Amino acid sequence: MTATAARPSNSRGPRVRAPRGGRLRLPAVWRTPLAIVGAVIALAWVVVAFTAPLWVPYPPDAQMLPRLLPPGTDGAILGTDALGRDLFSRLMSGAGVTIPLSLMLVAASVVIGTVIGASAGYFGKWVDEVLMRITDLFMAFPTVILAMVVAASLGPSLFNAVIAAIVVSWPQYARVTRSLVLGLRGQNYVIAGRLLGHSPLRSLLADIAPNITGPVVVLAALDIGSAILLLSGLSFLGLGAQPPTAEWGSMISSALQNFDAWWIGLFPGLAILTVVMAFNFIGDSLRDALDPSSRTERAASGVVAAPKTEDEALKGTGASA
Amino acid sequence: MSALTITDLNVDLGRPVVRGLSLTLEPGKIQGLAGESGSGKTVTSLAVLGLLPRTARVTGSIRVGETEIIGLRTGALNRVRGRRVAMVFQDPSASLHPQLTVGHQLTDHVRTHMKLDRKAAKAHALELLERVRVPDPEAALGRYPHQFSGGQRQRVAIAIALACDPDVLLADEPTTALDVTVQAGILRLIRDLADERRLAVLLVTHDLGVLSAIADDIAVMRQGVIVESATRAELFINPQHAYTRELLSAMPGSPYEEAPRVD
Amino acid sequence: MTLPRTQKTSRAPGERPAGDPPAGRSRPRRTSPLLGYLLRRLGTSVLLLLGVTIVTFALTNLVPGNPVAAALGEGAASNPETVAAYVKRYGLDQPLPVQYLTYLGNLLQGDLGRSLATGRPVTTDLATAIPATLEIAVLTIIVSLLVATVLGTVAAYRRGMVTDQVVRVVSLVGLSLPTFWLALVSFNFFFLQLRVVPGSGRLTATLTPPPTVTGLFTVDFLLNGDGVGFVDALAHLTLPVFVLSLFTVGLLTRFIRTSVLEVLGSDYVRAARAKGLSPMRIVFDYVLRGASLPILTIVGIAFGALLSGTVLVESVFAWPGLGTYAYNAARNLDLPGIMGVGLVVGFIYLGLNFIVDLLYGLLDPRVRLA
């Protein structure tokens, strides 16, 4: 395709390019406005998550202010809740609860899902059959519902909520990995490796793994947002973080008892929205870079590519370039 | 008068794809346009229908009868498309909508262009299917494309193209996607239609074998430029351009074919 | 609640023949292909249904802690007679497979246990909650599908231009919304501040619910010819549907855009252009029809996300559906209640996917006629 050749982006995803014009240039993915906005916001929240205890004005659980102060009064920038706790301090501390846990649970889901999916795809036959039927089972429920049921059975706690979230998150990775491995297993270079005497493990790790990283990373990036929504949703239901932990979902839940104090619920929700949005922006940009079929041409970059409708026309013209 | 006159056509899709192309199609004649993929032959046929991307820069002149195509707005283009210039695509399993019946696809443009009512359009469609020799036309109208064989599907696509009695037929590799056994039948059909309807045909293909069978005149295209244009007989007997000879040598049984190596 | 990349990567239960078998390949003829296809789908659904019960059974019985105490509540569990009666009734002194069969038998008789929060049988509670939730869910799907189809199609046609970028950001933001928070904020704003929508519940307190036919108030009012009731019920639906639609539109739009793009690149759309059909004709007759199959698949997935959403949103509006019930059950650690919701939603989801399969068969002549 002419258009692809003309565009600076690389369909193989993030990769540091050679310095040009004396400056190191970021990979194309990270130069889109969406990805930049996402990365900046996400980075800011991650910094907050790890440093908040050092600089918030009050301990998050301290009930040392008047109750239900509106924002901006008496040094409480975002006001206080029904117990007289500083909402700003709680909000910032909340980042340290949700974000690391969400990242961890996505990582765990990726590991579990890819191992199961890769085994199913690689070994095939009954291994595939058994593993995928189990995967189907977990996908037979809408995610929040299954997570709710699991978390409730295990008993309400943040830890159990994370377990529940992992239980509902891994199957998608298993699905994707399996189908990718199935596709790759028959590739000549993989077969060649096996004929050279590579063990199944080596074949999986050396020949197959590099080619499934891309799609799995995209899926994971998009999943971080879902994980944050799920975790805070469970806490909203009372099945996650327990009082007095400062957690965004449970903070919103406590606002249900104080409809007049609009600020109690407003800010934690904005926090969730911005973090999830940031990770979704990143994930979507990564997907764009990886998957040409969903690629959105950047009008801003000045390269106006032909609409997809005409790819056929262009295809015919690309070969003689 | 010529049915289609292309004069000094230039198409730029980020880089020049067709350069200074001129071609004339006469009623009842089949003009072959040969070249390897990427030579710009498909782009040429799309340009005639104004189907190139909006970003394409097209200059020169394309005249259908008296109508200049280049610069025409969609509304006006649509009075030419299908009605005066029709097109048959390479792969009928892709160019027919899988979820619409053959009857629907055979009549929707007829009803738009020729202002026929449902009944008249259906009668017209039946006639067409009979003409292109699709068996059991009545039943065929209610069937979906996947229920036909590849060759029959292309016959249906030809019927669709002919439905509004166009002056010009653009056929882009019409036999490439088909089994060798049915290719000849489709080519013969195109030849017959050109003769009986005084249809001007532009037959685009990479396969000189196809053109040797039915084309009246042949133009050879390479990298956006027509390198040689001649009658069929002249071209096959006395090719002038090196590239034409190269193409001819790729044909099996051609005198230009390289002698098989003996090991 | 993940962003569906393509239908291949995230798919609701069961593999649909969504790979769109190229029409070119001839397939062996079978007798009544649609029926065979549906029977296979039905078989899969029944198996998954059993699977769902195994999951809920396993969760109630295999988790740490005392299942009897969990099912009866701490108070009743301290009475040895109650416990003995319970153990006997559910065969808890039997081996696990037998327990499961007892559990399954009870399910088939509609016995989901007794709610600790309401004291009523869970089945009774859910019977009134299900229609309330379906009313929101169905209306939301209809609204979001319409909006997302317009947005996604426009974005695909304007690929790479400003419109496309705006639609992309809007749908990504929609996907990032914590719905339970949006419900709270919009309830605060549109009801408490502006008073432009009615408050919580399904109906203004002064009105009596319509005679139950479908359980959907709007429909039942209409069937009863009660215009005032219909308008009131619809007004109560506005805010929950609005909140859930924002998320669902985000989910659907991106996917519809991709599907439409794919169809726009197809030969049959180019052929339709070459026929001189009007652009509107091409959109409705060719493009959207071609995209309908992948869109159908994603609607099934979106419906699952939507059921998840209602569980989080309803309680804010005190909407007496599965969501509020689940919220109260979760808050009171009412395990039978939660399991009941899980099971019922699992069933609804499976039922819905079966309907999607059915529609799939009807929309795709290649499945219907083979």
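Just so you know, these numbers come straight off a predicted model, no measurement behind them. (Residues numbered from 1 in each chain as written. Chains lettered and ligands numbered in written order. Predicted model: local features only at pLDDT ≥ 70, side-chain atom pairs only at ≥ 80, totals over all residues. Heavy atoms only, no water.)

**Student:** Help me understand the overall build of chain C in this model?
**Tutor:** Within chain C one finds 15 helices and 0 strands. For chain C, with 370 residues in total, the buried portion stands at 57%. Pairs at least 24 residues apart make up 73% of the contacts formed inside chain C by residues separated by at least 6 positions. Here chain C displays about 15,000 Å² of accessible surface, and carbon together with sulfur accounts for 68% of that area. (Helix = DSSP H or I, 4+ residues; strand = E, 2+ residues; numbered from the N terminus. Buried < 20%, exposed > 50% of the residue type's maximum accessible area, 1.4 Å probe, protein only. Contact = heavy atoms within 4.5 Å. Areas by Shrake-Rupley, 256 points an atom, 1.4 Å probe, with all protein chains shown as cover.)

**Student:** How do you make sense of helix H7 (residues 162-176) of chain C when you look at a structure like this?
**Tutor:** Helical periodicity: at 3.6 residues per turn, an α-helix aligns residues three or four positions apart in one direction. Along its 15 residues, H7 of chain C runs 21 Å from first to last C-alpha, staying within 8% of the 21 Å computed at 1.5 Å per residue. Listed as buried for H7 of chain C are Asp-164, Val-167, Arg-168, Ser-171, Leu-172, Gly-174, Leu-175 and Ser-176 of chain C. Residues of H7 of chain C that are buried make contact with helix H2 (33-55), helix H8 (200-236) and helix H10 (262-290) of chain A together with helix H6 (122-157) and helix H10 (227-264) of chain C. (Expected span 1.5 Å × (residues − 1).)

**Student:** It is not clear to me how the side chain of Ser-176 of chain C should be interpreted in this structure. Could you clarify?
**Tutor:** Summarising the element assignment, Ser-176 of chain C is placed in helix H7. Only 3.0 Å separates the side chain of Ser-176 of chain C from the side chain of Asn-280 of chain A, close enough to count as a polar contact. With residues near it in sequence (within four places) discarded, Ser-176 of chain C still touches Leu-229, Leu-273, Val-276, Met-277 and Asn-280 of chain A. (Polar contact = N/O pair within 3.5 Å; in protein donor to acceptor, adjacent residues only side chain to side chain.)

**Student:** Just to check I follow, could you spell out the sheet that holds strand E9 (residues 217-222) of chain B for this structure?
**Tutor:** Backbone-to-backbone hydrogen bonds pair the strands of a sheet. The strands run either parallel or antiparallel. All names here are of chain B. The sheet built from 6 strands is open, its strands ordered E6-E7-E8-E3-E9-E10 with mixed pairing. In this open sheet, the two edge strands, each paired with only one partner strand, are strand E6 (85-88) and strand E10 (225-231). Across this sheet, the average inter-strand angle for adjacent strands is 20°, counted without regard to direction. Here strand E7 (residues 168-172) pairs with strand E8 (residues 200-205) via 5 bridges, running parallel. When the sheet's bridge partners are listed, Leu-169 is paired in E8 with Val-201. Of the strands in this sheet, strand E3 (30-34), E6, E7, E8 and E9 are in contact with helix H1 (residues 41-48), which crosses E8 at around 150°. Seen against the sheet, helix H11 (residues 242-249) touches E9 and E10 and runs at an angle of roughly 105° to E9. (Pairing = 2+ DSSP bridges. Axes fitted to C-alpha atoms, helices over the stretch in contact; angles between N-to-C directions.)

**Student:** Teacher, can you tell me more about the pairing of E7 of chain B here?
**Tutor:** Along any regular strand, the residues point their side chains to alternate faces of the sheet. All names here are of chain B. With 5 of 5 residues buried, E7 is to be regarded as a mostly interior element. Across the two faces of E7 the burial is the same, with Val-168, Leu-170 and Asp-172 and Leu-169 and Ala-171 all buried. With 4 bridges joining them, E6 and E7 adopt parallel strand pairing. Residue pairing for E7: Val-88 is matched across the bridge by Ala-171. Taken together, E7, helix H8 (residues 180-197) and E8 constitute a β-α-β crossover, and its handedness is right-handed. (Right-handed = clockwise from strand over helix to strand, strands pointing away.)

**Student:** When you look at the nonpolar core in this model, what are you seeing that I'm missing?
**Tutor:** In terms of nonpolar packing, the biggest core is built from 159 residues, with Trp-45, Met-148 and Trp-248 of chain A touching the most fellow members. In contact with Met-148 of chain A, not counting residues within four places along its chain, are Leu-234, Leu-237 and Leu-239 of chain A together with Val-311, Ala-326, Ile-338 and Val-341 of chain C. Residues Ile-158, Leu-187, Leu-203 and Leu-248 of chain B belong to the second largest nonpolar core, which totals 52 residues. (Core = buried A, V, L, I, M, F, W, Y, C linked by side-chain atoms within 4.5 Å.)

**Student:** Mind showing me how you'd approach unusual backbone geometry here?
**Tutor:** For residues besides glycine, phi is generally negative; the peptide bonds are generally trans as well. Following Pro-243 of chain A, the chain continues into Pro-244 of chain A via a peptide bond in cis, with omega recorded as 5°. Of note, the phi angle at Lys-115 of chain B is positive, near 55°, even though the residue is not glycine. Of note, Lys-115 of chain B is situated in the loop between helix H4 (102-114) and helix H5 (118-131).

**Student:** Looking at this structure, I do not really get the pairing of E8 of chain B. What am I missing?
**Tutor:** All names here are of chain B. Here E8 lies mainly inside the structure; 6 of its 6 residues are buried. Of the two faces of E8, the one lined by Ala-200, Leu-202 and Val-204 and the one lined by Val-201, Leu-203 and Thr-205 are each fully buried. The pairing of E3 with E8 spans 5 bridges and is classified as parallel. Among the inter-strand pairings, Gln-31 is bridged to a residue of E8, identified as Leu-202.

**Student:** Sorry if this is basic, but what is going on with the packing of H10 of chain A against H7 of chain C here?
**Tutor:** To describe two helices that pack against each other, one gives the angle between their axes and the distance between the axes. Interhelical geometry of H10 of chain A versus H7 of chain C gives an angle of 130° and a closest axis separation of 8 Å. Taken together, the axes of H10 of chain A and H7 of chain C are oblique relative to one another. By crossing handedness, the relation of H10 of chain A to H7 of chain C is classed as right-handed. Listed contacts from H7 of chain C to Leu-273, Val-276, Met-277, Asn-280, Phe-281, Asp-284, Ser-285 and Asp-288 of chain A of H10 of chain A are Arg-168, Val-169, Leu-172, Val-173, Leu-175 and Ser-176 of chain C. A class-by-class count of the residues in the contact of H10 of chain A with H7 of chain C yields 8 nonpolar, 3 polar and 3 charged. (Parallel < 35°, antiparallel > 145°, perpendicular 65-115°, else oblique. Left-handed = near helix turned anticlockwise from the far one by under 90°. Nonpolar A, V, L, I, M, F, W, Y, C, P; charged D, E, K, R; others polar.)

**Student:** Is there a simple way to think about the side chain of Ser-232 of chain A in this case?
**Tutor:** Its place among the elements puts Ser-232 of chain A in helix H8. Here Ser-232 of chain A falls in the buried class, since its relative accessible area comes to 0%. Among the polar contacts made by the side chain of Ser-232 of chain A, one reaches the main-chain carbonyl oxygen of Leu-229 of chain A at a distance of 3.2 Å. With near-sequence residues (within four places) excluded, Ser-232 of chain A lies in contact with Glu-247, Gly-249 and Ile-272 of chain A together with Phe-180 of chain C.

**Student:** Is there a simple way to explain the pattern of salt bridges in this structure?
**Tutor:** Per the counting criterion, the structure on display carries 26 salt bridges over all chains. Across the pair Asp-357 of chain C and Arg-41 of chain C runs a salt bridge, and its minimum N-O distance is 3.5 Å. Here Asp-357 of chain C, found in helix H14 (residues 335-363), pairs with Arg-41 of chain C, found in helix H1 (residues 33-62); they are 316 residues apart in sequence, far enough to count as distant. Arg-41 of chain C carries the same exposure label as Asp-357 of chain C, and that label is buried. Linked through salt bridges whose partners overlap, the residues forming this network are Asp-284, Arg-287 and Asp-288 of chain A together with Arg-168 and Arg-254 of chain C. (Salt bridge = Lys/Arg side-chain N within 4 Å of Asp/Glu carboxyl O.)

**Student:** It is not clear to me how the sheet that holds strand E4 (residues 57-64) of chain B should be interpreted in this structure. Could you clarify?
**Tutor:** All names here are of chain B. Strand order in this open sheet of 4 strands is E2-E1-E4-E5, and the pairing throughout is antiparallel. In this open sheet, the two edge strands, each paired with only one partner strand, are strand E2 (16-25) and strand E5 (67-68). Where E4 meets E5, 2 bridges bridge the pair, whose relative direction is antiparallel. Residue pairing for E5: Val-64 is matched across the bridge by Thr-67. Of the strands in this sheet, strand E1 (4-12), E2 and E4 are in contact with H1, which crosses E1 at around 115°.

**Student:** In this structure, what is going on with the confidence of the model for chain C? I would like to understand it.
**Tutor:** In low-pLDDT regions, the fine details of the predicted coordinates are not to be read closely. Looking at chain C as a whole, the pLDDT averages 82, with 88% of positions reaching at least 70. Scored by ipTM, the complex comes to 0.88, with pTM at 0.83. (pLDDT = per-residue confidence, 0-100.)

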